[in-house]
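Descriptive structure summary
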Amino acid sequence: MGKHASSGKYAIVGLGVIAGPQPDRSERMIAAEAARLAIADAGLTRADIGGAIDLRRTGGGGDRANYSDAFTRVLGIKNNFYFTCGRGGALAGLGMAAAMSYLDRGIADYVVLMGAVTDWSQSQETRKKGFRGMAHAEKRGYWGKPLGDSRAVSHHSWMAARHMAVYGTTSEQLGAISVAERQWACMNPEAKMYGRPITIEDHQSSPLVAEPYHLLDMSQVSDGGIAFILTTADRAKDCARPPVYVLGQGFGEVSADLWWEKKNFTHMAVEPAKKQAFSQADITLDDVDCAQLYDCFTAEVLFQLEDYGWCKKGEGGAFVADGNMAPGGSIPVNTGGGLLSCYHLGDLTGLAESVRQLRGEAGERQIEDCDIVLTTGHGGELVSPGMCSIHTCTLLGRHA
Amino acid sequence: MNVNPQSYTVDLDWKKPYPSIDHDNEAFWDGLKEHKLLVWKCQQCGAVYWPKAYCQNHENEPFAANCEWTEASGRGKIFAFNIHHWAFHPGFKEEVPYVYALIELEEGPLISSQLVGDDLPTDIHKIGQTVEIVYEDHPAQGFTLPKFRVVRG
Ligand SMILES: [Zn+2]
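Numbers given for residues are sequential positions, taken from 1 along each chain in its written order. Naming scheme: in the order in which they are written, chains are lettered from A and ligands are numbered from 1. Reporting of local features is limited, given that this is a predicted model, to residues whose pLDDT is at least 70; pairs of side-chain atoms are given and counted only at 80 or more, and all residues count toward the totals for whole chains, interfaces and linings. Only hydrogens and water are set aside when side-chain values are computed; all heavy atoms of the structure are taken into account.

Taking an unreviewed UniProt entry as the reference, chain B is identified by name as DNA-binding protein belonging to Sinorhizobium terangae.

The name given to chain A in an unreviewed UniProt entry is Thiolase C-terminal domain-containing protein, with Sinorhizobium terangae as the source organism.

Topic: the coordination of the zinc ion
Residue and element names in this part refer to chain B. Water is not among the atoms examined, so metal sites may look incomplete; donors are the N, O and S atoms within 2.8 Å of the metal, or within 3.2 Å for Na, K and Ca. Distances from the zinc ion to its protein donors, Cys42 (SG), Cys45 (SG), Cys55 (SG) and His58 (NE2), fall within 2.1 to 2.3 Å. Around the zinc ion, the four donor atoms are arranged such that angles at the metal cover 101 to 116°; this shape is classified as tetrahedral. Site description for the zinc ion: donor spacing in sequence, C-x2-C-x9-C-x2-H. On the basis of relative accessibility, which here comes to 4%, the residue Cys55 falls in the buried class. Given the relative accessible area of 12%, His58 is considered buried. Only four donors with every angle between 85 and 135 degrees are called tetrahedral; only four or six donors with opposite donors over 155 degrees apart and all others between 65 and 115 are called square planar or octahedral, in that order; all others are irregular. The classification of residues rests on relative accessible area computed with a 1.4 Å probe and restricted to protein chains. Under 20% of the type maximum is buried, over 50% is exposed, and intermediate values are partly exposed.

Some remarks on the sheet that holds strand β7 (residues 223-232) of chain A
All names here are of chain A. Pairing between strands is defined by DSSP: at least two bridges between the two strands are required. The secondary structure listing takes helices from DSSP runs of H or I that are at least 4 residues long and strands from runs of E that are at least 2 residues long, numbered from the N terminus. Spatial strand order, β3-β2-β4-β7-β1-β8-β11-β10-β9: nine strands in an open sheet with mixed pairing. Across the chains shown, the open sheet's two edge strands, defined by having one partner strand only, are β3 (81-85) and β9 (290-292). Sheet twist, expressed as the mean angle between neighbouring strand axes with direction ignored, is 25°. When strand β1 (residues 10-19) meets β7, the two strands line up antiparallel, connected through nine bridges. Bridge pairing in β7 places Ala19 opposite Gly224. By definition in these notes, contact holds between two residues if any of their heavy atoms fall within 4.5 Å. Note on geometry: axes are C-alpha line fits, over the in-contact stretch for helices, and angles between N-to-C directions span 0 to 180 degrees. Against the sheet, helix α1 (residues 27-41) makes contact with β1, β2 (49-55), β4 (110-118) and β7, and its axis sits at roughly 135° relative to β1, the strand it touches most.

A look at the UniProt feature "domain: ChsH2 C-terminal OB-fold" (unreviewed entry) in chain B
In this numbering, the UniProt entry assigns the feature "domain: ChsH2 C-terminal OB-fold" (unreviewed entry) to residues 69-135 of chain B. Here residues 69-135 of chain B is 0% helix and 49% strand, with 18 Å between the C-alpha atoms at its ends. UniProt positions are given in the numbering used here, feature names are shortened, and annotations may be inferred rather than shown by experiment.

Overview of the interface of chain A and chain B
Contact residues are listed per partner, giving 41 residues for chain A and 47 residues for chain B. Summed over both partners, buried area is the accessible surface (1.4 Å probe) that two parts give up on being assembled. Of the roughly 3800 Å² buried where chain A meets chain B, counting both sides, 66% is carbon and sulfur surface. What makes a salt bridge here is a side-chain nitrogen of Lys or Arg within 4 Å of a carboxyl oxygen of Asp or Glu, nothing more. Linking chain A to chain B there are zero salt bridges. Polar contact is defined as a pair of N or O atoms within 3.5 Å, subject to the rule that within protein one atom must be able to donate a hydrogen and the other to accept it, and that residues adjacent in sequence are counted only when both atoms are side-chain atoms. Applying the counting rule to chain A against chain B returns 14 residue pairs in polar contact (both at pLDDT 80 or more). Going through the elements one at a time, α5 (152-167) and β5 (208-211) of chain A are the ones with two or more residues in the side of chain A that touches chain B. When residues of the side of chain A that touches chain B are assigned to their parent elements, the largest contribution, eight residues, is made by α5 of chain A.

This is the structure we're talking about:
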């Protein structure tokens, strides 16, 4: 089949990360500071940046969309284009696809993509009023709210429950995902849970939130920002840091191959995304050195391990319990600690970790000879009865 | 009319989120007040949708031209469920733990709601129990919520 002409034609050349509580900063200022760091990391100046893509998890009430066109002025760039993009946890995958089309047409030479959240700070405020979790995220608008629907955790825990009912997956097996990601986080000084290892017993004794989910099945509520710079491969060679090439990208929609009620709640839309991305890159699963799989909750990792084919459908529980995704396992997954133990900024979290692994900057958790990383995003609308629809697959490589 | 004798009235201040009633679903919420569970049905091919949708079986028809709201049986089977032990919204503090289920209606579509009654399922590995609608009336607020209970046998 051979590589697609687009494979290796574009590269990530700059990365900026702001992690940890940011109580006195707006999302706009966090995003701008992450962007500044990314531009500096690439060895560029603001004058080089021809366009900006603002990555937002614009779900529900739209609180996260509360910053406006002021962003590019705050950052101080003379941009040819600026727009917002994102569907739940599929921010970076979608944003990159758009950025590459601008680069392809010469509308910009370098594009900055950035996202920021103040979910943690906002949840501290709503806690005082008796709300728990991200009460600020969606104020109205979806079915089920008066019936006790807590959106993300309610819907995702149905998926886990359905997988358990159909395949006999156990809570302890889901716990193995949580434990493995914490092992990785304990090797990442930037992770929220650095220095705080957990065991299966800790997982089992953590409070039940929405059974089958315990607290330790759930991702972090975070503050922070991540930005990266994308450019063409020829320009990438002259940047300050080693380029991370985009080898392939694919997308899948659950609603595309099922009746729209989406009755299969035990898989994600991996198949078309995988096919597109892997055929562009002309590689197989065996070529992937580590994976950054979207992990809003534990079961999403299990579904993807099955759906990509690291194990058979229904066998994900045994696969993770055998330590396959943990340090030393057959396929290292979420090597920075993921959304479960590092910080939650959609698929930007996994993308940032992919860049670090491919540059050889991952310190104690560095995967040896890391040449190819698979990064996924997962998101869309969560309107009951339904599930996150989009799945994005991005294959990144150290060599074009 | 499919009136369930075990439906009940709650005439207190409403401290939880309000239902989101808009142009597309107003008829559905009006139906609940009359103790009818309405689904969106294609009069041409019989396909059933919930919420309101376009019939997938015809090309280039005006939007929803063949469909109308039709009363459903109010019965279905549990497709998956979870047990909420944690009240994210303070309005649910007194209710936890509660069972929140995804229900496959006899007519086909999935709907989600809270399960009520004495016979609540407890083992999430066991699904497929038959459930039936229970109407929870809130006359002071002007809406009725559709809840479900497990049917024995
Ligand atoms: Zn029809």
